[in-house]
Amino acid sequence: MNKKLETVLSKEPSRRVQYSITGAILLILLVSSSPALGGANMTSKGFEIGWNILTGIFTPDTSLLFGLGDSGVAYLILQTIAIAFLGTLVGAVIAVPLSFISATNIVPRPVVLVTRFIIMAIRTVPSLVYGLMFIRVTGPGPFAGVMTLAIVSIGMISKLFIETIEDLDTGILESLDAFGSTLFQKIRYGILPQLGSDFISILVYRFDMNLREATILGLVGAGGIGAPMIFALSAYHWHQVGAILIGLFLLVFIVEILSDKLRQKILHG
Amino acid sequence: MKLYDKLFDAEKFTLTNGKTVSQKFTRMPLIILMLLIGITVSVWVTGFSLTMLFTNITGFWQILASMFPPKLSYFFQVWRPLLMTIQMSFFGSFFGSLMALPFAVLAASNITNNRVINLVVRFILTVVRTIPTLVSALIATYIFGLGTFAGTVAIFLFSFSFVGKQLFEYIETVDMGAYEALTATGADTPRAFVTTIFPQILPTYLSTALFAFEGNVRYAAILGYVGAGGIGMILNEKIGWREFQSVGMILLSIFVAVVIIETVSQQLRKYLS
């Protein structure tokens, strides 16, 4: 490389002190986190299982993968999508009023603090815990999954809704006021067009996330594709595991592409 | 959509200057129809019923109420698994993010000018990302045995794929001018990358890694459910024994830890941008 350039590059401000301090902090944190590596006792059996899962993916149980019955992968995928779809909708129904009473431009500050604390608390409880709680309400099955996803979605949906609501352009409402619109007209022509596309885009995004969430709810018996996978795994039916993993991959992959496209279309026309 | 527009005529308006403009027929009925079909099918498949929800919802409140007040003395058994959960998240996020950097460089088409390598690396990232963390944790417990290591592996895989995807998409948008100038003077690719591209992506890289860490702490709390270590183990146990006051204490501890970590990480991310 050019000599001149070398000298210019070497004159750049040296951040060595900054970098070494950051490095040292990271190193200390890493060393103190090393217990996280505990409990690894990989035996030849573990290796064998890993190999079995891999061969299972390449030689899936075709009758399960292409089966159209109640236990076929197609039906399980439909059920998982249904759980995610309904869960997102119910979550949205709860989140909309909650986000309006948590937006600083609509309600006073103390109220906002309380409602935001509630949203934060709802968000902390892990989904599987909600799943176990709802199973007492609805019995095991996909219905419990729907309710679980609804509650789990509230946190993120309302957080993003609040941001959208706080970005509302009030100038439009004032001008609508100025030529004497009724309240209904103000909402229809002043607020809905501003919020609509953002809200829908947020919901599509959350649906995408809920789908991933729905695939694991089966662990607690809340329906979806997760339950058969657990059974297959614990029974060492690797070909079935392979079939379900392939279904899972296709499902998540396709929905992700579709939801990205849809959101692009909604937001940018 | 085209067929729909043909079926229903567009509305025509004549403006005052004599021009005619047309507005397509509203698509609202179609959207509502599709939503209704979606809802009906979903309700039918999942067995959703509002009446059942309202008659049985008291059970939900009962469990919730029985968590209060949380059994504070139980904290002495909680802090150790909680710390372990945070350690797992940190370790997994750190190495996942570290590993993501070379992969992101290989996946970015403006740095690695080889379509095959780009596509293969992107495919790997996508496959890893579609597997839910809990599933990879479960598989890891089969391979590495029960314990925190399996959880760390699952978090590592998630952070790797998440940071990798975000980073390669960001690398493709950076300003290539300086990079090209430096290669033109004869610098080799690694040198040019470190001096021109790396400073541009560093803030985004770090803030993505922090974001992944934040999410992982929240997520690691349930990994114990499949035996992959951390606070989820005792959470699962206490729910099984219906000791809901202890469950309340565990959830309270997670809440406090998550709030602290999120606040610190958000401050750091604000500083980075």
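Residues numbered from 1 in each chain as written. Chains lettered and ligands numbered in written order. Predicted model: local features only at pLDDT ≥ 70, side-chain atom pairs only at ≥ 80, totals over all residues.

Per an unreviewed UniProt entry, the recorded name for chain B is Phosphonate ABC transporter, permease protein PhnE, and the organism is Leuconostoc gelidum subsp. gelidum. The Sequence similarities (unreviewed entry) field of the UniProt record for chain B holds the comment "Belongs to the binding-protein-dependent transport system permease family." Heading Subcellular location (unreviewed entry) of the UniProt record for chain B holds this comment: "Cell membrane". (UniProt positions renumbered as here; feature names shortened; annotations may be inferred.)

Identification of chain A as Phosphonate ABC transporter, permease protein PhnE from Leuconostoc gelidum subsp. gelidum is taken from an unreviewed UniProt entry. Turning to chain A, the UniProt record has this under Sequence similarities (unreviewed entry): "Belongs to the binding-protein-dependent transport system permease family."

1. Thoughts on the UniProt feature "domain: ABC transmembrane type-1" (unreviewed entry) in chain A
Here, the residues flagged by UniProt with the feature "domain: ABC transmembrane type-1" (unreviewed entry) are residues 77–259 of chain A. As a span, residues 77–259 of chain A carries 81% helix and 0% strand, and end to end its C-alpha atoms are 17 Å apart. (Helix = DSSP H or I, 4+ residues; strand = E, 2+ residues; numbered from the N terminus.)

2. A short note on the pairing of strand β2 (residues 20–23) of chain B
Residue and element names in this part refer to chain B. Bridge count for strand β1 (residues 11–14) against β2 is four bridges, and the pairing is antiparallel. Across the sheet, Lys-12 pairs through a bridge with Ser-22, a residue of β2. Between β1 and the antiparallel strand that follows it, β2, lie five residues; Gly-18 among them carries a positive phi value of about 90°. (Pairing = 2+ DSSP bridges.)

3. A look at the UniProt feature "transmembrane region" (unreviewed entry) in chain B
Residues and elements named next belong to chain B. The feature "transmembrane region" (unreviewed entry), as given by UniProt, occupies residues 31–64, 84–107, 119–143, 149–171, 219–235 and 247–265 in the numbering adopted here. Segment residues 149–171 splits into 100% helix and 0% strand. End C-alpha atoms: 32 Å apart. As a span, residues 247–265 carries 100% helix and 0% strand, and end to end its C-alpha atoms are 27 Å apart.

4. Describing the domain arrangement of chain B
The domains assigned to chain B are domain 1 (2–48) and domain 2 (72–272). Averaged C-alpha coordinates put domain 1 of chain B and domain 2 of chain B at centres separated by 42 Å. (Domains from an automatic or database assignment.)

5. Describing the UniProt feature "transmembrane region" (unreviewed entry) in chain A
Residues and elements named next belong to chain A. Under the present numbering, the feature "transmembrane region" (unreviewed entry) in UniProt falls on residues 73–101, 113–135, 141–162, 216–235 and 241–259. Between the C-alpha atoms that bound residues 141–162 the distance is 32 Å, and the span itself is 95% helix and 0% strand. Here residues 241–259 is 100% helix and 0% strand, with 27 Å between the C-alpha atoms at its ends.

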